[in-house]
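Reading the structure
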Amino acid sequence: MHAQDSFAQDRRPLPNAHPARLILTLSLGATVGLGIGRFAYALVLPDMRDSLHWSYSAAGFMNTINAVGYLAGALLASRLIKRVGWSAAIRGGTLVCLASLALCALTGNFLALSFARLIAGLGAAAAFVAGGALAAVIAQSRPERANFLLSLFYAGPGIGILASGLIAPFTLQWFGPGSWWIVWWVLTLLSAVMTVPLFLVRIESTANFAEAGGASFALPPVLIYLAAYFLFGAGYIAYMTFMIAYVRDAGGGAPAQAAFWGLIGVSAFVTPWFWRRVLALDRGGLATAIILGTNALGAALPILGTSTAWLATSAVVFGVAFFAVVGSTTAFVRFNYPPAAWPTAIAAMTISFGVGQTLGPIVVGAITDALGSLSYALNVSAALLALGAVAALCQQKVGPV
């Protein structure tokens, strides 16, 4: 989910726009592409799986193909922005996500739905990378408030998670089994409304892409950190794919599902303040290890009990750490490399994370099919995140290169 460090930063603010308002508007691309386009799938997965007679492997594949699209889009985003500009990349990517949501509502065909999930990933990457990089440029125009301003952009996915969590479970309850396609239509309409402000604000920048090469970045010193980030990608997406199905199977109705998903979304808003001191630690992979360990704890809690309070605690603990891991990896790069190496370092992190979240859903789905219980999915998710925390803890500071 990296974006902001891939481009040289121009500290001049965009004209005629308040920085906070403009960044919040840019975050709507992340709200639609990630908060709704990627993560809301978990809310309709149980009904789609029942209605379309999917295995858990097939259900997991839908998030795997979405992650494939996101990885490809993230790697191509720089070229895309160079070719079409910031405005077209952000708006066009968001419109592609909007189209993918509508396609999900129109068909139950597995191949068509796979295509919809693929292009959702591509569009989300374009909007998120371009929006995040531009948000960083805008934030640097107010150095004294830069961290706060940039955190507004990364609240975008949380807004989408919260909104879809308040809508999807009750829509399914109202219309009954087999109404998953109605939920997609409702989410399409919600996303269309959220997309409108992106076309009403002036989006432009004189920021340039960093031209410096990556000669000062070497893989061997950070292989263990890249492994940790791979494990995070695989572990978090398994939890975010199957957890609503687990809540439903445990007897949780629409209110319980909405509350659980909403708590994850709300956690995004406290993340910048909660982890502020941890993210300031310049001690190798320690900050990432602490946050990933918390993430693992949140993923493991449902294994110990399925009461409402226990599941709510899981959602809060998982959510408050989940939204901070990306920030910790960005901080690691900033602390350990000169600015000229940031684009290459961030690209390496993005690839490692992307491969992990690509493999996670389908592998965990296959394990669930083989062993017959979603509790195994949570076991695997928590274990992957815990291993990631241990790996990050072993990462030392990178010396001068």
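What you are looking at is a predicted structure, and each value in this text was computed from that prediction instead of being measured. (Residues numbered from 1 in each chain as written. Predicted model: local features only at pLDDT ≥ 70, side-chain atom pairs only at ≥ 80, totals over all residues. Heavy atoms only, no water.)

**Structural notes on the confidence of the model for the protein**
Inclusion rule: Note: pLDDT gives the predictor's confidence per residue, expressed from 0 to 100. It only takes one pair of heavy atoms within 4.5 Å for two residues to be counted as in contact.
Averaged over every residue, the pLDDT of the protein is 86; the share at 70 or more is 91%. pLDDT under 50 marks residues 3-16. Its contacts with residues more than four places away, or in other chains, come to 55 contacts.

**Here's the deal with the nonpolar core**
Rules: Only buried residues count toward a nonpolar core. Its members are Ala, Val, Leu, Ile, Met, Phe, Trp, Tyr and Cys residues joined through side-chain atoms within 4.5 Å. Only protein chains enter the accessibility calculation, which uses a 1.4 Å probe. A residue is then buried if its area is under 20% of the maximum for its type, exposed if over 50%, and partly exposed in between. Only DSSP runs of H or I reaching four residues or more are called helices, and only runs of E reaching two or more are called strands; each is numbered from the N terminus.
Grouped together as the largest cluster of nonpolar side chains are 119 residues, with contacts concentrated most on Trp184, Met240, Phe260 and Trp261. Of all the elements, helix 9 (residues 223-249) adds the most residues to this core, at 15 residues. Not counting residues within four places of it along the chain, the set of residues in contact with Trp184 comprises Tyr41, Val44, Met48, Leu101, Cys104, Ala105 and Arg117.

**Description of helix 15 (residues 325-336)**
As a reminder of what qualifies: Multiplying 1.5 Å by the residue count of a helix minus one yields the expected span of that helix.
Look at helix 15: 17 Å from first C-alpha to last across 12 residues, which is about the 16 Å you get at 1.5 Å a residue. With respect to burial, helix 15 is a largely interior element, 9 of its 12 residues being buried. Taken residue by residue, helix 15 has Val325, Val326, Ser328, Thr329, Thr330, Ala331, Phe332, Val333 and Asn336 as its buried positions.

**What to know about the environment of Met349**
Along the chain, Met349 turns up in helix 16 (residues 342-371). Using a relative accessible area of 0% as the deciding quantity, one classes Met349 as buried. Separated by 158 residues in sequence, Met349 and Ser191 place their C-alpha atoms 29 Å apart.

**Some thoughts on the environment of Ala227**
Within the secondary structure layout, Ala227 lies in helix 9. Among the residues examined, Ala227 registers a relative accessible area of 34% and is labelled partly exposed. C-alpha of Ala227 to C-alpha of Tyr41: the two residues are 186 residues apart in sequence and 27 Å apart in space.

**Some thoughts on the packing of helix 3 (residues 56-84) against helix 4 (residues 86-106)**
Put simply, the rule reads: Whenever a helix is involved, its axis is fitted only over the stretch in contact; in every case the axis is a line through C-alpha atoms, and angles between N-to-C directions fall within 0 to 180 degrees. In this scheme, roughly parallel covers angles under 35 degrees and roughly antiparallel covers those over 145, while 65 to 115 is roughly perpendicular and the rest are oblique. By the convention adopted, Pro, Cys, Tyr, Trp, Phe, Met, Ile, Leu, Val and Ala count as nonpolar, Lys, Arg, Asp and Glu as charged, and the other residues, Gly among them, as polar.
Look at helix 3 against helix 4: their axes get within 6 Å of each other, and the N-to-C directions meet at 120°. What the angle tells us is that helix 3 and helix 4 run oblique. Facing helix 3, whose interface residues are Leu80, Ile81 and Val84, helix 4 presents Trp86, Ala88 and Ala89. Its residues placed into classes, the contact of helix 3 with helix 4 shows 6 nonpolar, no polar and no charged.

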